[in-house]
Amino acid sequence: GGTKYNMTTVVLTPWDNMTEECGADEASGGSGEEDAVSTPLVAMGTLLVIGASFISCFGVNLQKLAHNKNAMLPVEERVVMYKMWQWWLGIFAMVMGSIMDMAALPFVPLSRVAALGASTMVANIVITPVFLKETL
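Conventions adopted
- Residues numbered from 1 in each chain as written.
- Predicted model: local features only at pLDDT ≥ 70, side-chain atom pairs only at ≥ 80, totals over all residues.
- Heavy atoms only, no water.
- Helix = DSSP H or I, 4+ residues; strand = E, 2+ residues; numbered from the N terminus.
- Buried < 20%, exposed > 50% of the residue type's maximum accessible area, 1.4 Å probe, protein only.
- Contact = heavy atoms within 4.5 Å.
- Areas by Shrake-Rupley, 256 points an atom, 1.4 Å probe, with all protein chains shown as cover.
- Patch = residues over 30% accessible without salt bridge, like charges linked within 9 Å, V, L, I, M, F, W, Y side chains within 5 Å.
- Salt bridge = Lys/Arg side-chain N within 4 Å of Asp/Glu carboxyl O.
- pLDDT = per-residue confidence, 0-100.
- Expected span 1.5 Å × (residues − 1).
- Arc of directions from axis to C-beta.
- Polar contact = N/O pair within 3.5 Å; in protein donor to acceptor, adjacent residues only side chain to side chain.

Notes on the overall build of the protein
Of the regular secondary structure elements, the protein holds six helices and zero strands. If you list the helices and strands of the protein from N to C, you get α-α-α-α-α-α. Expressed as a percentage of its 136 residues, the buried residues of the protein come to 26%. Considering only contacts in the protein between residues 6 or more positions apart, those separated by 24 or more positions represent 70%. Surface summary for the protein: the accessible area is close to 9400 Å², and the carbon and sulfur share equals 66%.

Below is the structure:
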């Protein structure tokens, strides 16, 4: 007879190997097979994503505010955008929001990060009327 081989494919995600590192087995008292990352880390990752949405939205609105202020000046007094501190602070906030999104990835699945990214719309509804005096 011939030899039979059992072929299995294993797909690992960043949170699959964190059970032992995070102490999820000891903390939850379970086998850790269902939850690879402990609950406090998932909560932290979730808050990072929501915070990133608000910070990124703040950055975009700050850039738009700088643009609006510049557009209201007489043509001869206008400056290029990269010479305005509000524009640079907006860029910095957008980059920080992206870094926070990336920092959350080891703690929460990408599917949750993508879904929580919708909190950007909520952030926009809150921040835009304050900064730009725009209405819905």
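Re a nonpolar patch on the surface
Taken together, Ile55, Trp85, Leu89, Phe92, Val95, Met96, Ile99 and Met102 make up a surface patch of nonpolar side chains, about 770 Å² in accessible area. With respect to the helices and strands, the residue methionine 102 is situated in helix 4 (residues 85-104). Classification of methionine 102 as exposed rests on a relative accessible area of 55%.

Points about the confidence of the model for the protein
With 73% of its residues at a pLDDT of 70 or more, the protein has an overall mean of 79. Within the protein, the element-level pLDDT minimum falls on helix 2 (residues 24-28), averaging 45, and the maximum on helix 4, averaging 93. Of the regions scoring below 50 in pLDDT, residues 19-34 engages in 14 contacts with residues more than four places distant in sequence or in other chains.

With respect to helix 4
With 20 residues, helix 4 should cover 28 Å at 1.5 Å per step; its first-to-last C-alpha distance of 29 Å lies within 8% of that length. Every buried residue of helix 4 is accounted for by Gln86, Gly90, Ala93, Gly97, Met100 and Ala104. Down the axis of helix 4, the sector holding all buried residues measures 85°, keeping them to one side. Opposite its buried face, helix 4 presents the exposed residues Trp85, Phe92 and Met102, each directed more than 90 degrees away. Buried residues along helix 4 sit in contact with helix 3 (39-72).

With respect to the side chain of serine 53
Along the polypeptide, serine 53 turns up in helix 3. Residue serine 53 is classed as buried on the basis of its relative accessible area of 3%. Within the structure, serine 53 has its side chain in polar contact with the side chain of serine 119 (distance 3.0 Å). Not counting chain neighbours up to four residues away, the residues in contact with serine 53 comprise Leu116, Gly117, Ser119, Thr120 and Ala123.

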